[in-house]
Amino acid sequence: MDQRRIRYPTAPLTNTKKLEHAMSAKLLDGKGISKEIQKETKVKVEQFIADHGESPVLAAVLVGDDPASQVYVRNKERACARAGIESQLHRLPATSTTEDILAKVVELNEDSQVNGILVQLPLPDQADSRVILDAIDPQKDVDAFHPHNVGLISQGRPQFLPCTPHGIVQMLKRCGIETTGKSVCVIGRSDIVGKPMAMMLGQKDSDLGPEMANATVTLCHSRTQNLASITQQADILIAAIGRPNFVTPDMIKPGAVVVDVGINRTEQGLVGDVDFDSGKEVAGFITPVPGGVGPLTVTMLLENTLMAAIIQIKSIA
Ligand code: GUN
């Protein structure tokens, strides 16, 4: 591990256990843990402001009017305000081209007041997401989507940790659930969640300690054969495929930790990737939807924005 890197500070394990009883599984209270981390972030932001006389600044780029994206961006703005982080919202029309969005990214890269840049996904079909995400300055890439940051994560020396996987590791740590030596199954190989999650948990070490890495990880996807036979072996099952109620109780090892990353809008309201009502009868621990992983994603974005501000201050010092 490169000792020169700025590390994510962590709270001691002892005062962070927050479990509530559901039916048979214990509920992993992502919302409560998020509040706890946000309080810690707020203190660190106050210290940053005291030291440097300015707030960290996050710039979000929102293209078009996708309702879910509007909600996410609003939640991010509110969370920034609570933590003392300044947020900017740059709205672009749904008809924006790749070049239009690139121009905005370049402007934000060059703006020394802006510490973190987030381009809300998905972008409209005519915009090339890869080209746009690749244009973000890696030092301002608070989503950790840039190939430079993905490469560092894959080598086990991350600059930024991607928000959702980082939130999941924080939640497990703060609930006393270690991953070392465990069998972990991740369902879904997205660049945002599945792939980085698998990379992080399979590493030899983690910024949160070796007990939060060193897992034996199986990354499953749409072409995986006999999926249930693999998920049934998992001590920790992470569902990130975006299909409502996809994980049924027969796929869960009794007593397993089940982390549901799905946020699916259905006629029945917001539904996860796990059939919660029946899943909780088999699992040992389970995250609810909403109130599980979702709030943690926003929370870790705040941490990354503060981290970006610290990195940028150090690079000019
Ligand atoms: N859309 C859904 N999740 C995310 C995320 O974590 N970051 C960005 N930029 N867009 C998203």
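Here, the structure is the one placed above.
As a starting point, this report considers the structure included with it. (Residues numbered from 1 in each chain as written. Predicted model: local features only at pLDDT ≥ 70, side-chain atom pairs only at ≥ 80, totals over all residues. Heavy atoms only, no water.)

1. Some details on the overall build of the chain
- For the chain, the helix and strand inventory stands at 10 helices and 12 strands.
- Overall size of the chain, expressed as C-alpha extent along the three principal axes, is 50 × 45 × 35 Å.
- Across the chain, the fraction of contacts at a sequence separation of at least 24, relative to all contacts at a separation of at least 6, is 71%.
- Carbon and sulfur atoms make up 51% of the accessible area of the chain, which amounts to about 14200 Å² in all.
- Computed over 32 positive and 37 negative side-chain charges, the inter-centroid distance for the chain is 5 Å. (Helix = DSSP H or I, 4+ residues; strand = E, 2+ residues; numbered from the N terminus. Contact = heavy atoms within 4.5 Å. Areas by Shrake-Rupley, 256 points an atom, 1.4 Å probe, with all protein chains shown as cover. Lys, Arg positive; Asp, Glu negative; His and termini not counted. Charge placed at Lys NZ, Arg CZ, Asp CG, Glu CD.)

2. Some words on empty space enclosed by the protein
- Scanning the entire structure with this criterion turns up 3 cavities of 30 Å³ or more.
- Volume-wise, the largest cavity comes out at about 140 Å³.
- If you trace the largest cavity, you find 14 residues lining it, with L161, M200, D205, S206 and D207 closest to the centre.
- Partitioned by chemical class, the residues of the lining of the largest cavity number 8 nonpolar, 4 polar and 2 charged. (1 Å grid on protein atoms, 1.4 Å probe; cavity = no way out; pocket = protein on both sides within 12 Å on 5 of 7 lines; lining within 4 Å. Points joined across faces, edges and corners; volume = space filled by probe spheres on them. Nonpolar A, V, L, I, M, F, W, Y, C, P; charged D, E, K, R; others polar.)

3. Focus: the site of the ligand
- All residues in the neighbourhood of the ligand are listed as L118, V119, Q120, L121, D143, F145 and I192.
- Between the ligand and V119 there is a distance of 2.8 Å, counted from a nitrogen atom to a backbone nitrogen or oxygen.
- Contact distances for the ligand include 3.3 Å between a nitrogen atom and a side-chain N or O atom of Q120.
- In the complex, the protein chains occlude 82% of the 280 Å² of accessible area that the ligand would expose alone.
- Class assignment of the residues belonging to the shell around the ligand gives a composition of 5 nonpolar, 1 polar and 1 charged. (Near = heavy atom within 4 Å. Polar contact = N/O pair within 3.5 Å; in protein donor to acceptor, adjacent residues only side chain to side chain.)

4. Quick look at the pairing of strand β8 (residues 236-239)
- Residues I236 and I238 of β8 are buried on one face, and the alternating residues L237 and A239, pointing to the opposite face, are buried as well.
- In this structure, strand β6 (residues 183-187) lies alongside β8, joined through 4 bridges in parallel fashion. Bridged to V184 within β8 is I236.
- Direction of pairing for β8 relative to strand β9 (residues 257-260): parallel, over a ladder of 4 bridges. When the bridges of β9 are listed, I236 appears paired with V257. (Buried < 20%, exposed > 50% of the residue type's maximum accessible area, 1.4 Å probe, protein only. Pairing = 2+ DSSP bridges.)

5. Here's the deal with the sheet that holds strand β3 (residues 57-63)
- Read from one edge of the open sheet, 3 strands run β4-β3-β5, paired in parallel fashion. Every interior strand has two partners, whereas the edge strands, β4 (86-92) and β5 (116-119), have only one. Neighbouring strand axes in the sheet, compared pairwise and without regard to direction, differ in orientation by 20° on average.
- In the sheet, β3 pairs with β4 via 7 bridges, with the strands oriented parallel. What sits directly across from V61, in β4, is H90.
- Each of β3, β4 and β5 is contacted by helix α2 (residues 67-83), which is oriented at about 160° to β4, the strand it contacts most. (Axes fitted to C-alpha atoms, helices over the stretch in contact; angles between N-to-C directions.)

6. Brief notes about the layout of surface pockets
- A volume near 370 Å³ is recorded for the second largest pocket.
- Around the second largest pocket, the lining comprises 16 residues; the ones closest to its centre are R130, L133, F145, V150 and D191.
- Put simply, the parts of the chain that give the lining of the second largest pocket at least two residues each are α4 (129-135), α5 (147-154) and α7 (194-202).
- With 4 residues, α4 is the single largest residue contributor to the lining of the second largest pocket.
- When grouped by side-chain class, the residues that make up the lining of the second largest pocket number 11 nonpolar, 1 polar and 4 charged.

7. Quick notes on the packing of helix α6 (residues 163-174) against helix α10 (residues 293-316)
- Contact geometry for α6 and α10: axes closest at 8 Å, N-to-C directions at 105°. What the angle tells us is that α6 and α10 run roughly perpendicular. On the side of α6, the interface is formed by C163, T164, H166, G167, I168, Q170 and M171, while α10 contributes V293, L296, T297, M300, L301 and N304.
- Taken together, the residues that form the contact of α6 with α10 break down as 7 nonpolar, 6 polar and no charged. (Parallel < 35°, antiparallel > 145°, perpendicular 65-115°, else oblique.)

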